[in-house]
Amino acid sequence: MGRWACITCALLIFHFLAKTNEATAENNLPFISKIYKCVNDQCIISEFQNETKETNDVNESMDVCRLTCGQYGSLWPRPTIMTTIKKPVIKFGLHNVVFNLSSVADELGKQYMTEASQVLMSSLKTICSPLCISNDNNLTVFITTTTPFTNIKWSTNESYELNISTNSDQITANITARTVYGARNGLETLRQLITAYGRPKFNGKTLVMAAEAQIVDEPVYAHRGFMLDTSRNYFPLSAIRRTIDAMGHSKLNVFHWHATDSHSFPLDLPSAPQMARYGAYSPEKIYSYEEIKDLLRYALVRGVRIIMEIDSPAHAGYGWQWGKDAGFGNMVICLGNRPWEDYCVQPPCGQLNPLNNHTYTWLGKIYKDLVSVFPKGEAFHMGGDEVAVRCWNTTDEIVEWMQSNNRSLAESAYLDLWSEFHNKALTVYDNEVGDSNSDIIVWSSGLTDPSIIEKHLDKKRYTVEVWQGNTVSVDLANLGYKVIVAVEDIYYLDHGLRPPTTYHSWKVIYNNKLPMSNNSNLILGAETCMFSEFADDFSLDIKVWPRAAALSERLWADPPTNALAAEYRLLQHRERLISLGIKPDRITPEWCNDREGECIISY
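The rules behind these values
Residue numbers here run from 1 along each chain, matching the order of that chain's written sequence. It should be noted that, the model being predicted, local features are given only for residues of pLDDT at least 70 and side-chain atom pairs only at 80 or more, the latter also being counted only at that level, while totals for whole chains, interfaces and linings use all residues. Values reported for side chains reflect all heavy atoms of the structure, with hydrogen atoms and water molecules removed beforehand. A run of H or I in DSSP counts as a helix once it spans at least four residues, and a run of E counts as a strand once it spans at least two, with each numbered from the N terminus. For every residue, the accessible area (1.4 Å probe, protein chains only) is compared with the maximum for its type, and the residue is labelled buried under 20%, exposed over 50%, or partly exposed between those bounds. Any two residues whose heavy atoms approach within 4.5 Å at even a single point are treated as in contact. Every accessible area reported is derived by Shrake-Rupley at a probe size of 1.4 Å, with residue values counting cover from the shown protein chains alone. The sign given to each residue is positive for Lys and Arg and negative for Asp and Glu; His and the chain ends receive no count. Charge coordinates come from a single atom per side chain, which is NZ of Lys, CZ of Arg, CG of Asp or CD of Glu. Residues enter a nonpolar core if they are buried and are Ala, Val, Leu, Ile, Met, Phe, Trp, Tyr or Cys, with the set joined through side-chain atoms within 4.5 Å. To count as a disulfide, a pair of cysteine sulfur atoms needs to be within 2.5 Å. Fitted lines through C-alpha atoms give the axes, limited to the stretch in contact for helices. The angle between two N-to-C directions lies from 0 to 180 degrees. Here the word oblique covers every angle except those under 35 degrees (roughly parallel), over 145 (roughly antiparallel) and from 65 to 115 (roughly perpendicular). By definition, turning the near helix anticlockwise from the far helix through less than a right angle yields a left-handed crossing, and turning it clockwise yields a right-handed one. Within 3.5 Å is the distance limit for a polar contact, defined as a pair of N or O atoms, with the added protein rule that one can donate a hydrogen and the other accept it, and that residues adjacent in sequence qualify only through two side-chain atoms. Amino acid classes used here: Ala, Val, Leu, Ile, Met, Phe, Trp, Tyr, Cys and Pro are nonpolar; Asp, Glu, Lys and Arg are charged; the rest, including Gly, are polar. Multiplying 1.5 Å by the helix residue count minus one yields the expected span of that helix. Between the rings of Phe, Tyr and Trp (Trp by its six-membered ring), a pair exists once the centres lie within 6.5 Å; its type follows the angle of the planes, with under 30 degrees stacked, over 60 edge-to-face, and the other angles tilted. Note on criteria: charge over ring means Lys NZ or Arg CZ within 6 Å of the ring centre, with the direction from the centre no more than 35 degrees off the ring normal. Two strands qualify as a pair provided that DSSP identifies no fewer than 2 bridges between them. Whether a crossover is right-handed comes down to one check: with the strands pointing away from the viewer, does the path from the first strand over the helix to the second run clockwise; if it does, it is right-handed.

Asks: Just give me the short version of the overall build of the chain, but keep the residues and values in it.
Replies: From N to C terminus, the chain includes 19 helices and 21 strands. Here the C-alpha coordinates of the chain stretch approximately 110 × 75 × 45 Å along the principal axes. Sorting the 603 residues of the chain into buried and exposed places 55% on the buried side. In the chain, the share of contacts with a sequence separation of at least 24, taken over all contacts with a separation of at least 6, comes to 73%. Counting every atom, the chain has about 25,500 Å² of accessible surface; 51% of that belongs to carbon and sulfur. Taking the 55 positively charged and 69 negatively charged side chains of the chain as two groups, their mean positions are separated by 5 Å.

Quick look at the structure:
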């Protein structure tokens, strides 16, 4: 019995080893990869093949195929004047990239382009992480600008020309622009003509780029914006920088910082430290003076200007409540009043006191601190929306003043009081800043109604950000006011997160053309807006991207309203955003992403 038991054991061991070897062999089978070819401007799967560890040929992955397939390849936004991208693609080495800045107009411009070039190199390193496979082919980028460095504004020329040519192992990219911001846009387009392929576990990934391209490009609209509300919920600087990274790669050029609201005042300012002390959610949830200053440069290097908003006289509350105890009287009224529906549009209630001169004194301190770190002449957003007449009209101090000054308590009389607030705030701003020509932005409101706005707001100073409809935008532009479009039922990214609002996909944003007026040059552009009642750092990316990128192509190129034709380029741009550490929303099943032309979803 013992002998037969040993034989049986031996057979079992043999059978086990055979199965183990069989499984090991199956696990070691080469991975089957898909090879793509560009056919009729679409990347389709042409064959399946065993993936090898090493090959001398460029692997036609989807990323590589889309680089040069179709008129615009995988560029986002699409160029506006001329686009020629030719095959083949060519490998190059990350450590063989050289930037020649000798033709940049001045030293400040050279410094700017040095920093912008570093952003490009960091992005290239990221896409072939953890290791870029070395290659002997060289890429030299020549950058030429013709005007001295200035800060970006609405009148800045952002056009550029990019020419790529290849001679043997030498790739040359020539970027020519009037300004450093045009040149930076050229660098971004160059970045989008580069991708990487390979499997990281097989030594690393290989960088490839279009070997030949000619692009002439400029934006249609000067204001291509995104607004973030950091009052309702606090966002760490890392989230803001991450968002600005994505904006720069999408050629969005304005970060509208809705910094304060009735909920909190997170700005720690040297002349008004009480604001953050009483208004921030916690000492950790503030933006210091130095952090604001550093963020301005961080954004500028990515082609993004920051426009700060201090909302007033409504949407102001916590941060102002210390005034009475400090001997300055009630600078804020209706703060936290309940039921909130009787006093304001949204809880918590809070509205600045237009009769208290100390209100303007402290506004001046806020303005002075902020403007001192911003470029001279930069636009400033004073808010100015949703003033609740019912707050002022239930405040004894204001009602008594109105009556003693022979004013009625009708809404029209309160519009006059509202207008006087803006005039006083503007006077304080001009006195503190020493500049009576800078652009002041306000939200559309009852005060900006086209039938009465000329009575209240000077069109030479005020730009109106319109959230109430395209008709208002056209009427205001026809009157001679500069307009930024932010129509809520298209561009508010928080809509759909609360009733009765409706969620709009990227396609709705993409297909929404901006209105035209008799003064079309006064329609400066548009913004998507992320009010943060239902968003914080953990949900920011998925609610903003890639929908905000849909607006970038609408404003840059103003293409036909055919989002379906742009879908696969946006899919590639989404992949680029992921490489930056962004976590954008998914817009198709992965199967559809692999099968261009077979799975376009119309909704």
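Asks: Tell me about the nonpolar core, and name the residues and values.
Replies: Counting 111 residues, the largest nonpolar core has Ile240, Phe255, Trp257, Leu267, Trp320, Phe380 and Trp545 as its most contacted members. No other element matches the 10 residues that helix H11 (residues 411-433) contributes to this core. Once residues within four sequence positions are removed from consideration, tryptophan 545 is found in contact with Thr243, Ala246, Met247, Ser250, Leu252, Leu577, Ile582, Pro584 and Asp585. Counting 46 residues, the second-largest nonpolar core is a separate cluster that includes Leu101, Val104, Tyr112 and Val301.

Asks: Which residues make up the state of the cysteines, and what values go with them?
Replies: The full count for this structure, using the stated rule, is 5 disulfides. Each sulfur of the disulfide joining cysteine 334 and cysteine 391 lies 2.0 Å from the other. Looking along the S-S bond of the cysteine 334-cysteine 391 disulfide, the torsion reads about 105 degrees, which is the right-handed sense. Note that cysteine 334 is positioned in the loop between strand S15 (332-333) and strand S16 (351-352) and cysteine 391 in helix H9 (residues 389-392), a separation of 57 residues in sequence.

Asks: Requested: an account of the environment of valine 208, with residues and values cited.
Replies: Note on placement: valine 208 falls in strand S9 (residues 206-217). Leave out the neighbours within four places in its chain, and valine 208 touches Val58, Val64, Leu67, Ile90, Lys91, Phe92, Leu193, Ile194, Thr195 and Tyr197.

Asks: Can you break down the packing of helix H7 (residues 289-301) against helix H8 (residues 357-373) residue by residue, with the values?
Replies: Here H7 crosses H8 at 40 degrees, and the two axes come no closer than 9 Å. In this view, H7 runs oblique relative to H8, as classed from their interaxial angle. Here H7 and H8 pass one another in a crossing that is right-handed. Of the residues in H8, those in contact with Tyr289, Ile292 and Leu296 of H7 are Asp369, Leu370, Ser372 and Val373.

Asks: So what about the environment of serine 159? Which residues, and what values?
Replies: Tracing the chain through its elements places serine 159 in the loop between strand S5 (138-145) and strand S6 (160-167). For serine 159, a relative accessible area of 16% gives the class buried. Beyond its immediate stretch of four places on either side in the chain, serine 159 contacts Ala177, Arg178, Gly182, Asp217, Glu218 and Pro219. For serine 159, the side chain forms a polar contact with the side chain of asparagine 157, separated by 2.5 Å.

Asks: Just give me the short version of the packing of helix H3 (residues 107-127) against H7, but keep the residues and values in it.
Replies: Orientation of H3 relative to H7, taken along the N-to-C sense of each, is 75 degrees, at an axis distance of 9 Å. It follows from the interaxial angle that H3 and H7 lie roughly perpendicular. On H7, the residues touching Gln111, Tyr112, Glu115, Ala116 and Val119 of H3 are Arg297, Leu300 and Val301. Its residues assigned to classes, the contact of H3 with H7 comprises 5 nonpolar, 1 polar and 2 charged.

Asks: Kindly report on H11, identifying the contributing residues and their values.
Replies: The end-to-end C-alpha distance of H11 is 33 Å, a good match for the 33 Å that 23 residues give at a rise of 1.5 Å each. Of the residues one or two after H11, glycine 434 is the one with positive phi, at around 75 degrees.

Asks: Tell me about the packing of aromatic side chains, and name the residues and values.
Replies: The relative placement of two aromatic rings is captured by the distance of their centres and the angle of their planes. Tallied over the entire structure, the rule returns 18 aromatic pairs. Measuring from ring centre to ring centre gives 5.5 Å for phenylalanine 328 and tryptophan 362, while their planes differ by 70 degrees; the resulting arrangement is edge-to-face. Of this pair, phenylalanine 328 sits in the loop between strand S14 (305-312) and S15 while tryptophan 362 sits in helix H8, and the two are 34 residues apart along the sequence. Taking the relative accessible area as the measure of exposure, phenylalanine 328 reaches 24% and is therefore partly exposed. Tryptophan 362 sits in the buried class, given a relative accessible area of 7%. Put simply, the rings of Phe226, Tyr234, Phe255, Trp257 and Tyr287 pair up and form one aromatic cluster. Sitting above the plane of the tryptophan 556 ring, lysine 251 keeps its charged end 5.6 Å from the centroid.

Asks: Please give an account of unusual backbone geometry that cites residues and values.
Replies: The omega angle of the peptide bond from lysine 87 to proline 88 is 0 degrees, so this bond is cis rather than trans. Checked against the element boundaries, proline 88 lands in strand S3 (residues 82-92). Look at aspartate 41: it is not a glycine, yet its phi comes out positive at around 65 degrees. Mapped onto the elements, aspartate 41 comes out in the loop between strand S1 (32-39) and strand S2 (42-50). We classify aspartate 41 as exposed; its relative accessible area is 52%. A positive phi angle, near 65 degrees, is found at lysine 251, a position not held by glycine. Structurally, lysine 251 can be placed in the loop between helix H5 (237-250) and strand S11 (254-260).

Asks: Quick one: what's the story with the sheet that holds strand S19 (residues 462-466), residue by residue and with numbers?
Replies: Spatial ordering of the closed barrel is given by S10-S11-S14-S17-S18-S19-S20-S21, a layout of 8 strands whose pairing is parallel. Strand-to-strand twist of the sheet, defined as the mean angle between neighbouring strand axes without regard to direction, takes the value 30 degrees. Two elements, strand S20 (residues 482-485) and strand S21 (residues 523-530), share 3 bridges in a ladder whose sense is parallel. Counterpart to valine 483 in the pairing with S21 is isoleucine 523. Packed onto the sheet, H11 meets S14, strand S17 (380-383), strand S18 (440-443) and S19 and runs at close to 150 degrees relative to S17.

Asks: I'd love a proper account of the pairing of S11, names of residues and values included.
Replies: In terms of burial, S11 is a largely internal element, 7 of the 7 residues being buried. For strand S10 (residues 223-229) and S11, the ladder comprises 5 bridges, and the chain directions are parallel. Across the sheet, phenylalanine 226 pairs through a bridge with phenylalanine 255, a residue of S11. Read as a crossover between parallel neighbours, the route from S10 over H5 to S11 is right-handed. Bridging between S11 and S14 involves 6 bridges; their strand directions are parallel. Considered in S14, the bridge of tryptophan 257 is made with methionine 308.

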